[in-house]
Amino acid sequence: MSPGESGTLPVRIEQDVVVARQTVRKLAQDCGMRLIDMTKLVTAVSELARNTVVYGGDGDMDWHVLKEVGRLGLRLTFRDTGPGIPDLKLAMTDGWTSGNGMGLGLTGAKRLVDDFVLESSPGEGTRVVITRWV
Amino acid sequence: MERIPILQMGQFLLVTIQVDMHDQLALTLQEDLAERINATSARGVLIDISALDIVDSFIGRMIGTISGLSRVMDAETVVVGLQPAVAITLVELGLTLPGVSTALNVERGMKLLRERVTT
């Protein structure tokens, strides 16, 4: 595991969510992440990857190993070409859901990582970038 | 089709989740349990999740649903074996599993079920 390493996985069907979780767990282990931080990151990945499969379409997850002033981190980007999110503020409200979920996916994932960026254009797709430092 | 086994022990059903579940597997378990409670007249369900590395909102919802549906079918559900890191993450995620009974391990979970069913 070395800084600068990166890769991409498809996030298109349910089984891809499991593979995304397993891939990130392995990367986090290789970076020396503590169990609790790894658990939070993998849970966030599960929420975001599921969103990508359910609401997105044609989605992917990019992973990058980061290094900054001697510490390692993982940055994950979930991107899709789905319908996008018309109201980002509403989407980031606890308990709000456009589907039949609990409305904790986006807001919950945000609480579980160090950095969270959500970008979306209606009709073009959605991008969520999360970072967790070791 | 892939399925999570449900074991019967007297008047209780035991489920040990040992695989990294995809969503459909969780939904199948929910349906299978409802059918087994009905077929066996089970009074309690013990779900061991000690092998789960994470519990996300989907699995959390499944646990809540199983607990609710077993209650309306006159059975109690106890969830056991939540790992400390999983418990911390779950609460931070915003899920506290309201209405779900939990116990630290299988032994305590079985004790809890026996107490509930006999009184």
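Only a predicted model underlies this, so the values are computations on that prediction, with no experimental measurement involved.

### Section: the sheet that holds strand 4 (residues 115-121) of chain A
Residues and elements named next belong to chain A. Strand order in this open sheet of five strands is 1-2-3-5-4, and the pairing throughout is antiparallel. Single-partner strands in this sheet number two, and they are strand 1 (6-11) and strand 4. Across the sheet, the axes of successive neighbouring strands diverge by a mean angle of 15°, strand direction being ignored. Where strand 4 lies against strand 5 (residues 125-133), seven bridges are found, and the strand directions are antiparallel. Considered in strand 5, the bridge of Phe116 is made with Ile130. Packed on one face of the sheet, helix 1 (residues 14-30) meets strand 1, strand 2 (59-68) and strand 3 (71-80) and runs near 160° to strand 1. This element, helix 2 (residues 35-56), spans strand 1, strand 2, strand 3 and strand 5 of the sheet and lies at about 15° to strand 3.

### Considerations on the packing of helix 1 (residues 23-40) of chain B against helix 2 (residues 57-72) of chain B
All names here are of chain B. For the pair helix 1 and helix 2, the least separation of the axes is 10 Å and the interaxial angle reads 10°. Of the possible angle classes, the one that applies to helix 1 and helix 2 is roughly parallel. Facing helix 1, whose interface residues are Asp23, Ala26, Gln30, Leu33, Ala34 and Ile37, helix 2 presents Phe58, Ile59, Met62, Thr65, Ile66, Leu69 and Ser70. The residue makeup of the contact of helix 1 with helix 2, split by class, is nine nonpolar, three polar and one charged.

### Considerations on helix 3 (residues 84-93) of chain B
Within the sequence span of helix 3 of chain B, burial applies to Val86(B), Thr89(B), Leu90(B) and Leu93(B). An end-on view of helix 3 of chain B places all buried positions within 100° of arc, on one side of the element. Facing away from the buried side of helix 3 of chain B, by more than 90 degrees, are the exposed residues Pro84(B) and Val91(B). In this structure, the buried side of helix 3 of chain B is in contact with helix 2 and helix 4 (105-111) of chain A together with helix 2 of chain B. Once helix 3 of chain B ends, the next one or two residues include Gly94(B), with phi positive near 110°.

### Quick word on the environment of Leu41(A)
Residue and element names in this part refer to chain A. If you trace the backbone, Leu41 turns up in helix 2. The class for Leu41 is buried, based on 28 C-beta atoms found within 10 Å. In this structure the C-alpha to C-alpha distance between Leu41 and Arg25, which are 16 residues apart in sequence, comes to 8.2 Å. Excluding its chain neighbours within four sequence positions, the residues that come into contact with Leu41 are Val24, Ala28, Leu74, Leu112, Val113 and Arg132.

Each value, and the rule that gives it
- Residues numbered from 1 in each chain as written.
- Chains lettered and ligands numbered in written order.
- Predicted model: local features only at pLDDT ≥ 70, side-chain atom pairs only at ≥ 80, totals over all residues.
- Pairing = 2+ DSSP bridges.
- Helix = DSSP H or I, 4+ residues; strand = E, 2+ residues; numbered from the N terminus.
- Axes fitted to C-alpha atoms, helices over the stretch in contact; angles between N-to-C directions.
- Contact = placed C-beta atoms within 7 Å.
- Parallel < 35°, antiparallel > 145°, perpendicular 65-115°, else oblique.
- Nonpolar A, V, L, I, M, F, W, Y, C, P; charged D, E, K, R; others polar.
- Buried ≥ 20, exposed ≤ 12 C-beta atoms within 10 Å, placed from the backbone.
- Arc of directions from axis to C-beta.

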